[in-house]
Amino acid sequence: MSLRIVVPVKYVPDATGDRHFADDLTVDRDDVDGLLSELDEYAVEQALQISEDRQEAGDDVEITVLTVGPEDAKDALRKALSMGADKAVHVEDDDLHGTDAIGTSLVLAKAIEKAGYDLVISGMASTDGTMGVMPALLAERLGVPQMTLLSEVTVEDDIVKGRRDGDTASEQLEAQLPAIVSVTDQSGETRYPSFKGIMAAKKKPVTSWGLSELEIDTEKVGHEGACTKVDAVAELPARTAGTILKDDGEGGKQLAAFLAERKFI
Amino acid sequence: MAEVLVYVDHVDGAVRKPTLELLTLARRIGEPVAVALGNGAGDTAAALAEHGAVKVLTHEASEYADYLVVPKVDALQAAVEAVPASAVLVPSSAEGKEIAARLALRIGSGIITDAVDLEAGDEGPVATQSVFAASFTTKSRVSKGTPVITVKPNSAAVEAAPAAGTVSELNVTFGGLATGTKVTGRTPRESTGRPELTEAAIVVSGGRGVNGSENFALIEALADSLGAAVGASRAAVDAGWYPHTNQVGQTGKSVSPQLYIASGISGAIQHRAGMQTSKTIVAINKDAEAPIFDLVDYGVVGDLFDVVPQLTEGIRIRKG
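Numbering of residues starts from 1 in each chain and follows the order in which that chain's sequence is written. Key to labels: chains lettered from A, ligands numbered from 1, both in the order written. Local features in a predicted model are, by the rule used here, given only for residues with pLDDT of at least 70; side-chain atom pairs are given and counted only at 80 or more, and totals for whole chains, interfaces and linings are based on all residues. The side-chain figures draw on all heavy atoms in the structure; neither hydrogens nor water molecules are used.

### A look at the overall build of chain A
Secondary structure assignment for chain A yields seven helices and 13 strands. For chain A, the spread of C-alpha atoms along the three principal axes comes to 70 × 45 × 40 Å. Per-residue burial for chain A yields a buried fraction of 50% across its 265 residues. Within chain A, counting contacts between residues at least 6 apart in sequence, those at least 24 apart form 70% of the total. With an accessible surface of roughly 11,900 Å², chain A has 46% of that area assigned to carbon and sulfur atoms. Going along the chain from the N terminus, every DSSP run of H or I of four or more residues is numbered as a helix, and every run of E of two or more is numbered as a strand. The cut-offs for exposure are 20% and 50% of the maximum accessible area for each residue type, with area from a 1.4 Å probe on protein chains only; residues under the lower value are buried, those over the upper are exposed, and the others partly exposed. The contact definition used throughout considers only heavy atoms, calling two residues in contact when any of these lie within 4.5 Å. Only the protein chains shown count as cover for residues, with accessible areas throughout obtained via the Shrake-Rupley method and a probe of 1.4 Å.

The structure is reproduced here in structure tokens:
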């Protein structure tokens, strides 16, 4: 059988950079370097592992990585291609600026359908917005089962199985394909792109789609389509330096006194 | 006054603290109507009424435990159709956010996640969020449909406010997708007897400096002296010293306790993203240059193997 895996990935501002907001209260992406969201690397890795397993069993597997974002979001696709994904789709359109999560899920869902899929694997959340709702939104839009926050995932025939380690229990889950799963950072270490992988990535196809190719009305996305509105943004003053002392043998006692003074004891 | 739906997070009828906090916030914007689903749903009524629920809608069915997420979305959608609510509030757990997102999409509304505060506004509830590792706050509102908002634990103090809490059964019809993802096995996590990490008023965390799983006993002893939850940095979790479910940070849990004590944690941005909204921050670290010291209210530059046991002992003495 054949298995088409789509991995939606996000190009995010580097968390170690100086992140801030632009005048229109969207995230300023011009002044800070972007990169493939770390949590999406786990999704790419699991797609590659499933692909390797299935190919060993004689199946045809194709992994498409997909992103929605401006021109430099291609960097995120290149990274995923150099890890080993087969091809990439870049959805880019000026009218997308200001799109919220609900709008983004529309764009991704249309693109996933257009690309064709049996299994969608995503990261558990982006490292910038950290909402963690996209896999659920995509499952709702596409009308397929969702299986999120997996620390383990396998595909056998047309069944996807996984393990989810929650607060109160560890659960074994299964769903019929087509389905959407998301994986955590516990799913397995991600591979580094090899030199060969980086060279090969340059030759892999990157398809670009705009909103018209996806048959999406511009009023459903961007600022106009957003279902939420940010009214104000405030930078918090850096925490003022507290008391820092060097332990001279009484550090624990002094700390206990501090906690007592603040009524924690 | 408009009704506000509050999704109840409970374990076999025992209401979890974040839901009681939500009832407090819900009263600022309307009259809370609680929705409790699954095994023990009816047993939640007394606690919910005690904290301000004017009505409690319940529905028990095995689907809530046997299948993932969607049955709860179906039920909440039924509640939205049954009650003319001005907003829907859901606790910001991983599952709570997914339920809220799918509901918002179904009812044509916007969603705001991880609010840390909520107030009434001229154009609907205004949510405060803390973003970019708590370096900014934003104020946002839902501009389309019935606002669906998830709220982080510890965003409000629990207040008793006795209300009628009239119980009625919610009429739910499950859709075709409700049985899409089957739970085929469940292994309950052994209870440590400590508070849940995301709900705890005090969190004591250990990192790379703890240097081995056996040494986490020191961190646990300190936590127990304060009635605190135990957290761990990613370095400690990746080294296998403590379970991933206790990881605090960008790829783990986000916590916002009254007091956060970091021991042997340097304070990389990924860790800070998960704890920087803590009200009071204390750190113990050998390295005076560790970035965690930029955040602290009180820091001790020293060996945690000296400082932590002395602190634990000091707390025990003070508690008498």
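### Details of the confidence of the model for chain B
When pLDDT is averaged along chain B, the result is 95, and 100% of the positions lie at 70 or above. Both scores are given for the predicted complex: the pTM is 0.93, the ipTM 0.93. As a per-residue measure, pLDDT tells how confident the predictor is, with possible values from 0 to 100.

### What to know about the nonpolar core
Grouping buried Ala, Val, Leu, Ile, Met, Phe, Trp, Tyr and Cys residues that are joined through side-chain atoms within 4.5 Å yields what is termed a nonpolar core. Residues I5(A), V160(A) and L5(B) are the most contacted members of the largest nonpolar core, which totals 77 residues. Top contributing element to this core by residue count: helix α1 (residues 38-56) of chain A, with seven residues. Dropping the residues within four chain positions of it, I5(A) is found in contact with A47(A), I50(A), V61(A), E62(A), I63(A), T64(A), L119(A) and I121(A). L259(A), L259(B), I261(B) and V300(B) belong to the second largest nonpolar core, which has 32 residues in total.

### A closer look at the sheet that holds strand β9 (residues 169-176) of chain A
Here the rule is simple: two strands pair whenever DSSP picks up at least two bridges between them. Pairing in this open sheet of 10 strands is mixed, and the strands run β11(A)-β5(A)-β4(A)-β1(A)-β6(A)-β10(A)-β7(A)-β8(A)-β9(A)-β12(B) from one edge to the other. Looking at strand neighbours, the two that pair on one side only are β11 (206-209) of chain A together with β12 (181-188) of chain B, the edges of this open sheet. Strand-to-strand twist of the sheet, defined as the mean angle between neighbouring strand axes without regard to direction, takes the value 30°. Pairing of β9(A) with β12(B) involves seven bridges; the strand directions are antiparallel. Bridging from a neighbouring strand, Q172(A) pairs with G185(B) of β12(B). Comment: axis = line fitted to C-alpha atoms, over the contacting stretch for helices; angle = value between 0 and 180 degrees taken between N-to-C directions. Packed on one face of the sheet, helix α3 (residues 101-115) of chain A meets β1 (2-8), β4 (60-68), β5 (87-91), β6 (119-123) and β11 of chain A and runs near 150° to β4(A). Each of β7 (146-156) and β8 (159-165) of chain A touches helix α5 (residues 94-106) of chain B; the most contacted strand, β7(A), lies at about 90° to it.

### Describing the packing of aromatic side chains
Any pair of Phe, Tyr and Trp rings, taking the six-membered ring for Trp, is counted once the centres come within 6.5 Å. Such a pair is stacked with planes under 30 degrees apart, edge-to-face with planes over 60 apart, and tilted for the rest. Counting across every chain of the model gives three aromatic pairs over all chains. Measuring from centroid to centroid gives 5.5 Å for Y64(B) and F174(B), while their planes differ by 75°, and the two rings are edge-to-face. Taken together, the residues Y64(B) in helix α3 (residues 63-66) and F174(B) in the loop between β11 (166-169) and β12 connect sequence positions 110 residues apart. Consider the rings of F216(B) and Y242(B), whose centres lie 4.5 Å apart with planes at 25°: the pair is stacked. Of this pair, F216(B) sits in helix α6 (residues 216-226) while Y242(B) sits in the loop between α7 (234-238) and β15 (259-263); the two residues are 26 residues apart in sequence, bridging distant segments of the chain. Judged by relative accessible area, which is 12%, Y242(B) ranks as buried. Geometry around W209(A) places K114(A) over its ring, the cationic atom sitting 5.1 Å from the centre. Ring-over charges, as used throughout, are those where CZ of Arg or NZ of Lys falls within 6 Å of the ring centre and within 35 degrees of the ring normal.

### Let's talk about the interface of chain B and chain A
The interface of chain B with chain A comprises 84 residues on the first partner and 80 residues on the second. Buried area adds together the accessible area that both of two parts lose upon being put together, with accessible area traced by a 1.4 Å probe. Surface buried jointly by chain B and chain A totals about 7,100 Å² across both partners, of which 58% is contributed by carbon and sulfur atoms. Of all residues in chain B, L105(B), F132(B) and Y298(B) bury the most surface against chain A, accounting for 11% of the area lost on that side. Only one rule defines a salt bridge in this text: a Lys or Arg side-chain nitrogen within 4 Å of an Asp or Glu carboxyl oxygen. Along the contact surface separating chain B from chain A lie seven salt bridges. Put simply, R234(B) and E38(A) hold a salt bridge, and the shortest N to O gap is 2.8 Å.

### Some details on the environment of V181(A)
All names here are of chain A. As for its placement among the helices and strands, V181 is situated in strand β10 (residues 179-183). For the pair V181 and A43, spaced 138 residues apart in sequence, the C-alpha to C-alpha distance is 9.0 Å. If we ignore the near neighbours within four places in the chain, the residues touching V181 are L119, V120, I121, S122, M147, L150, V153 and V160.

### So, α5(B)
Residues and elements named next belong to chain B. Each helix should span, by expectation, one fewer than its residue count multiplied by 1.5 Å. Taking 1.5 Å per residue as the helical rise, α5 with its 13 residues ought to reach 18 Å, and the 19 Å between its terminal C-alpha atoms agrees with that figure. Of all 13 residues in α5, 10 are buried, a share of seventy percent or more. Looking at α5, one finds that the buried residues are G96, K97, E98, I99, A100, A101, R102, L103, A104 and L105. A positive backbone phi angle near 70° is found at G108, which sits one or two residues after α5.

### Focus: the pairing of strand β14 (residues 229-232) of chain B
All names here are of chain B. Side chains A229 and G231 of β14 all project onto a buried face; the interleaved residues V230 and A232 project onto the opposite face, where all are buried too. As paired strands, strand β13 (residues 202-206) and β14 are joined by four bridges and run parallel to one another. Residue V204 lies in a different strand from β14, and its bridge partner there is V230. By the criterion used throughout, a crossover qualifies as right-handed when its path from the first strand across the helix to the second strand runs clockwise, the strands pointing away from the viewer. Note that the unit made of β13, α6 and β14 has a crossover that is right-handed.

### Examining the pairing of β5(A)
Residues and elements named next belong to chain A. Extensive coverage of β5 is indicated by the burial of four of its five residues. The parallel pair β4 and β5, bridged by helix α2 (residues 74-83), forms a crossover whose chirality is right-handed. Here β5 runs beside β11; their pairing, made up of four bridges, is parallel. Within β11, the position partnered with H90 by the bridge is S208.

### Considering unusual backbone geometry
Omega for the peptide link from L177(A) to P178(A) comes to 0°, which places this bond in the cis form. One can find P178(A) in the loop between β9 and β10. Positive phi, normally seen in glycine, also occurs at K263(A), with a value near 65°. In this fold, K263(A) is placed in the segment after α7 (251-261). Under the relative-accessibility criterion, K263(A) is labelled exposed at 71%. Of note, the phi angle at N154(B) is positive, near 70°, even though the residue is not glycine. Take N154(B): it is sitting in the loop between β10 (148-151) and β11. The exposure class of N154(B) is buried, given its relative accessible area of 12%.

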